[in-house]
Amino acid sequence: MVNLRTSQRLNAAQRTLWSAPRHLPLHSKRMASSQPPTAAAAATASQEQTAGIIDGKEIAEDIRKEIATEVQQLKDKAGRVPGLAVVLVGSREDSETYVRSKKKACAEVGFESFGIDLLESCSQEELLQAVANFNADPKVSCLQKQLDAVLPHDDASSYSVG
């Protein structure tokens, strides 16, 4: 959960974009003619503001720090941390890079991460067994599958397991 301070920064950034002068290239015609999305933004839009550039990397870093703090509090209070399991099917380089980035993100905030790599030629039974194994593991709180091949009835990439 993102704390109030980050939420306020994100809301301020959103208000800045909505209240920016209409001639800025940030806005499409649709955005420029639209009403602000919330009552709070509408109230702020009536105040004099100038457009500003937000630093997405800085905001993301703040969010990661806040999540890491909350994970540490959870660990202190409950004795466990969230765990992400990833089932990678196939060996596409972009998928492998994506999975590595998820593992890195987990490490940055204190989540545990687990993974299994399956061949693209694996059977649906092998995939389901890998999912069942992670479902049985109490350390796993979320499961993501990264498929390079499309299996029948595949319409989601993440599952909550508990």
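Report follows, based on the coordinates.

1. Examining the layout of surface pockets
In step 1: In this model, the largest pocket occupies a volume close to 280 Å³.
In step 2: For the largest pocket, the lining is made up of 14 residues, of which Leu84, Lys102, Ala105, Cys106 and Phe111 are closest to its centre.
In step 3: Among the elements of the structure, helix H4 (56-78), strand S1 (83-89) and helix H5 (93-109) are those that each provide at least two residues to the lining of the largest pocket.
In step 4: Residues that form the lining of the largest pocket fall into these classes: eight nonpolar, three polar and three charged.

2. Describing H4
In step 1: If you check H4, its first and last C-alpha atoms are 32 Å apart, about what 23 residues at 1.5 Å a residue would give, namely 33 Å.
In step 2: All of the buried residues in H4 are Ile59, Asp62, Glu66 and Val71.
In step 3: Structurally, the start of H4 carries an N-cap: the backbone nitrogen of Lys57 is 3.1 Å from a side-chain oxygen of Asp55.

3. Comments concerning the pattern of salt bridges
In step 1: Summed over all chains, the structure comprises three salt bridges.
In step 2: For Arg64, the salt bridge goes to Glu61, with nearest N and O atoms at 3.0 Å. Here the residue Arg64 and the residue Glu61 both occupy positions in helix H4, the gap between them amounting to three residues, near one helical turn.
In step 3: Overall, Arg64 belongs to the partly exposed group, its relative accessible area being 29%.
In step 4: The exposure class assigned to Glu61 is partly exposed, which follows from its relative accessible area of 33%.
In step 5: The salt bridge involving Glu108 is made with Arg64; its shortest N-O contact spans 3.2 Å. Here Arg64 lies in helix H4 and Glu108 lies in helix H5, a separation of 44 residues in the sequence.
In step 6: When salt bridges with common partners are traced through the structure, they connect Glu61, Arg64 and Glu108 into a single cluster.

4. Things to note about the environment of Thr97
In step 1: Along the chain, the position of Thr97 falls in helix H5.
In step 2: Taking the relative accessible area as the measure of exposure, Thr97 reaches 39% and is therefore partly exposed.
In step 3: Engagement of the side chain of Thr97 in a polar contact is seen with the side chain of Arg100, the distance being 3.1 Å.

5. Regarding the nonpolar core
A general tendency of soluble globular proteins is for nonpolar side chains to be buried together.
In step 1: Formed by 13 residues in total, the largest nonpolar core has its most connected members in Ala85, Val87, Val89, Leu118, Leu127, Phe134 and Leu143.
In step 2: At the level of elements, S1, strand S2 (112-118), helix H6 (124-136) and strand S3 (142-147) are the ones that each hand at least two residues to this core.
In step 3: Listed in part, the five residues of the second largest apolar core include Leu84, Val86, Val99 and Cys106.

The rules behind each value
Residues numbered from 1 in each chain as written. Predicted model: local features only at pLDDT ≥ 70, side-chain atom pairs only at ≥ 80, totals over all residues. Heavy atoms only, no water. 1 Å grid on protein atoms, 1.4 Å probe; cavity = no way out; pocket = protein on both sides within 12 Å on 5 of 7 lines; lining within 4 Å. Points joined across faces, edges and corners; volume = space filled by probe spheres on them. Helix = DSSP H or I, 4+ residues; strand = E, 2+ residues; numbered from the N terminus. Nonpolar A, V, L, I, M, F, W, Y, C, P; charged D, E, K, R; others polar. Expected span 1.5 Å × (residues − 1). Buried < 20%, exposed > 50% of the residue type's maximum accessible area, 1.4 Å probe, protein only. Polar contact = N/O pair within 3.5 Å; in protein donor to acceptor, adjacent residues only side chain to side chain. Salt bridge = Lys/Arg side-chain N within 4 Å of Asp/Glu carboxyl O. Core = buried A, V, L, I, M, F, W, Y, C linked by side-chain atoms within 4.5 Å.

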